[in-house]
Amino acid sequence: MADRRGGLLIEVENEQVTDGSAAKTHNALDKAEPTLPIHWYYDPDQYQRELEGVFYSSWLYLCRAEALAEPKSYQSMSVGNQHLFVVRSESGKLAGYYNVCRHRGAMLINDESGCLTGDSVACPYHRWRYALEDGSLLRVSSFREPDGFDSGDYGLFPVAVREWRGFVFVHLDPAAEWDVDAVFNGEQTLLDNFSIEQHVLGQRWVKTIECNWKTFWDNYSECLHCPGVHPELIKVQPIYKRGLLVEDDHPDWHEHRDNPDPSHRGGLAIGAETWSTDHSAQGYADHSGLSEQDIARGVTYATAYPGMYIAGFADHTRTVRILPLGPERVEMTVEWLVQPAALADPDYKIENIVEFVQQVLLEDGEVCELTQRGMHARPMRRGVLMPEEYEVKAFKDWLLMRLEKTS
């Protein structure tokens, strides 16, 4: 099976590729397809519709579990106008709640992360206190409780929390069921051989991009832009220089299927070990447990729309989380997870992998912002998808399906 990036399943049989319907000789759209309506990328009403129908009804990545390792440690997050936090109780349980006091609606926690000093969480406004374990109301600040008031009715509103392979995910619906196949569209199995659980946070970077959240994912889903936008990336992943994600994106891929050149077969450049400024893994490439396909691929993606993707390498793991800040603004949070031995090595230069990807993502951010501004052209109603942009169509179809289910 050909490797892929994004949510469209492509199967290869007898040198032909099928998407479950018509047979094709390569990965491509067989006709011109319209994009989503352009106004969806900046219209406030559409933005609200997508918050309600997508982000408020999806599992979203919060943080690595190590950030919540200590009792009473917490992490908060905002998505749209909804605020939540997750805390580890003294018994070791992870519990998540809406970040709101049941008294008059003040936010309980104003920091992104930290560790509570007491055995409960207190509202900074009127000092109502809540238990960490179950969110129950422990104490009010009034001299007495009035008639008709039952403290059992005023516990914190819960959210769902699930830990998976060292990642903590949250869902605003406390009854949401965790289905990892649905969250990652089955792509998480591509990371089965990677030692993600053993990696620890090495560096974190937060960047605001002036674009709609869909603009980000559209860009992520194709590499037609790579030759003109990413001069260093195409050196380490040569197939990107041809505007391809994988070898069978090209109409004549079968003619070169025995060609070991990475510009045809995909994978890292000859001699490269990872995505870094000098293409080295600084002695920390770990191929034990990886299959030949994992190694040849160079980078392995698992995408969890709408909020994050994981990229697995032989020496490290990278996560990218996207949260909308408005119709035309997103917050991108990038984490580099490395082997503990690398982080403890005084000679290990984590900036080797960090600076390389920062440059790539800054380049992506720039073209996303160019696209976002251009979309406001008054005659522009829809764009058009070219054959290689099949993953962009897959994302479009995913979004339309989600919105239809929640409409």
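For the structure, see preceding data.
Thresholds, definitions, all that
Residues numbered from 1 in each chain as written. Predicted model: local features only at pLDDT ≥ 70, side-chain atom pairs only at ≥ 80, totals over all residues. Heavy atoms only, no water. Buried < 20%, exposed > 50% of the residue type's maximum accessible area, 1.4 Å probe, protein only. Helix = DSSP H or I, 4+ residues; strand = E, 2+ residues; numbered from the N terminus. Pairing = 2+ DSSP bridges. Contact = heavy atoms within 4.5 Å. Axes fitted to C-alpha atoms, helices over the stretch in contact; angles between N-to-C directions. Parallel < 35°, antiparallel > 145°, perpendicular 65-115°, else oblique. Disulfide = S-S within 2.5 Å. Salt bridge = Lys/Arg side-chain N within 4 Å of Asp/Glu carboxyl O. Left-handed = near helix turned anticlockwise from the far one by under 90°. Phe/Tyr/Trp six-rings, centres within 6.5 Å; stacked < 30°, edge-to-face > 60°. Lys NZ or Arg CZ within 6 Å of the ring centre and 35° of its normal. Polar contact = N/O pair within 3.5 Å; in protein donor to acceptor, adjacent residues only side chain to side chain.

A. Here's a closer look at the pairing of strand E17 (residues 308-312). Buried residues dominate E17, accounting for 5 of its 5 residues. Covered by surrounding structure in E17 are Met308, Ile310 and Gly312 together with Tyr309 and Ala311, the residues of both alternating faces. Bridge analysis of strand E16 (residues 300-304) against E17 gives 5 bridges, and the strand direction is antiparallel. Residue Thr300 lies in a different strand from E17, and its bridge partner there is Gly312. Linking two consecutive strands that pair antiparallel, namely E16 and E17, is a turn of 3 residues. Sheet analysis places E17 next to strand E18 (residues 316-326), joined by 5 bridges and oriented antiparallel. Residue pairing across strands places Met308 opposite Arg321, the latter belonging to E18. The turn joining E17 and E18, which pair antiparallel and follow one another in sequence, is formed by 3 residues.

B. Fine view of the environment of Thr406. Along the chain, Thr406 falls in helix H10 (residues 390-406). Leave out the neighbours within four places in its chain, and Thr406 touches Gly53 and Ser57.

C. Focus on the packing of helix H1 (residues 44-53) against H10. Two elements in contact, H1 and H10, have axes separated by 9 Å at closest approach and are oriented at 80 degrees. In terms of axis orientation, H1 runs roughly perpendicular to H10. Only Leu399, Arg402, Leu403 and Thr406 of H10 make contact with H1, whose side of the interface consists of Gln46, Arg49, Glu50 and Gly53.

D. Summary view of the state of the cysteines. Within the structure shown, the criterion is met by 1 disulfide. There is a disulfide in this structure between Cys223 and Cys226, and the S-S distance comes to 2.0 Å. Every disulfide takes its handedness from the sign of the S-S torsion; for Cys223 and Cys226 that torsion is -100 degrees, giving left-handed. A disulfide-free cysteine, Cys123 has its sulfur positioned 3.9 Å from the sulfur of Cys101, the nearest such atom. You can call Cys123 buried: its relative accessible area is 1%. With no disulfide of its own, Cys368 lies closest to Cys211 among cysteine sulfurs, the gap being 4.6 Å. Using a relative accessible area of 3% as the deciding quantity, one classes Cys368 as buried.

E. Broad picture of the pattern of salt bridges. All told, the structure shown has 10 salt bridges when counted by the stated rule. One salt bridge in this structure joins Lys214 and Glu50, with 2.9 Å as the shortest N-O distance. Of this pair, Lys214 sits in helix H3 (residues 213-220) while Glu50 sits in helix H1, placing them 164 residues apart in sequence. Judged by its relative accessible area of 0%, Glu50 falls in the buried class.

F. Summary view of the pairing of strand E6 (residues 73-79). When you tally the buried positions in E6, you get 6 out of 7 residues, the bulk of the element. Here E6 runs beside strand E9 (residues 113-115); their pairing, made up of 3 bridges, is antiparallel. Residue pairing for E9: Ser73 is matched across the bridge by Cys115. As paired strands, E6 and strand E7 (residues 82-88) are joined by 6 bridges and run antiparallel to one another. In the strand pairing of E7, Val79 is matched with Gln82. The hairpin formed by E6 and E7 contains 2 residues between the paired strands, and Gly80 there has a positive phi angle of roughly 60 degrees.

G. Structural detail: the packing of H3 against helix H9 (residues 351-374). Between H3 and H9, whose axes approach to 10 Å, the crossing angle comes to 125 degrees. Taken together, the axes of H3 and H9 are oblique relative to one another. Handedness of the H3/H9 crossing: right-handed. Between H3 and H9, the contacting residues are Thr215, Phe216 and Asn219 on the first element and Asp364, Val367, Cys368, Thr371 and Gln372 on the second.

H. Inspection of the packing of aromatic side chains at higher detail. Applying the stated criterion to the full structure yields 26 aromatic pairs. Their ring planes at 50 degrees and their centres at 5.7 Å tell us that Phe85 and Tyr97 sit as a pair that is tilted. With Phe85 in strand E7 and Tyr97 in strand E8 (residues 94-98), this pair connects stretches of sequence that are 12 residues apart. The residues Phe85 and Tyr97 share a single accessibility class, namely buried. For the pair Phe169 and Phe184, a centre-to-centre distance of 6.1 Å together with 85 degrees between the ring planes defines the contact as edge-to-face. Linking Phe169 in strand E14 (residues 167-171) with Phe184 in helix H2 (residues 180-184), this pair joins segments that are 15 residues apart in sequence. With relative accessibility at 0%, the residue Phe169 sits in the buried group. If you follow Arg64 out to its NZ or CZ, it ends over the ring of Phe167, 4.5 Å from the centre. In this structure, Arg165 is placed above the aromatic ring of Trp164, and the distance from its NZ or CZ to the ring centre is 5.9 Å.

I. Molecular detail of the side chain of Asn219. As for its placement among the helices and strands, Asn219 is situated in helix H3. Under the relative-accessibility criterion, Asn219 is labelled buried at 10%. Reaching out from Asn219, the side chain makes a polar contact with the side chain of Asp364 at a distance of 2.9 Å.

J. Representation of the sheet that holds strand E12 (residues 137-139) in the model. The antiparallel open sheet is built from 3 strands, whose spatial order is E10-E11-E12. Lying at the two open borders of the sheet, with one neighbouring strand each, are strand E10 (120-122) and E12. The mean angle between the axes of side-by-side strands here comes to 35 degrees, regardless of whether they run parallel or antiparallel. Bridge analysis of E10 against strand E11 (residues 129-131) gives 3 bridges, and the strand direction is antiparallel. For Ala122, the partnering residue across the bridge sits in E11 and is Arg129.

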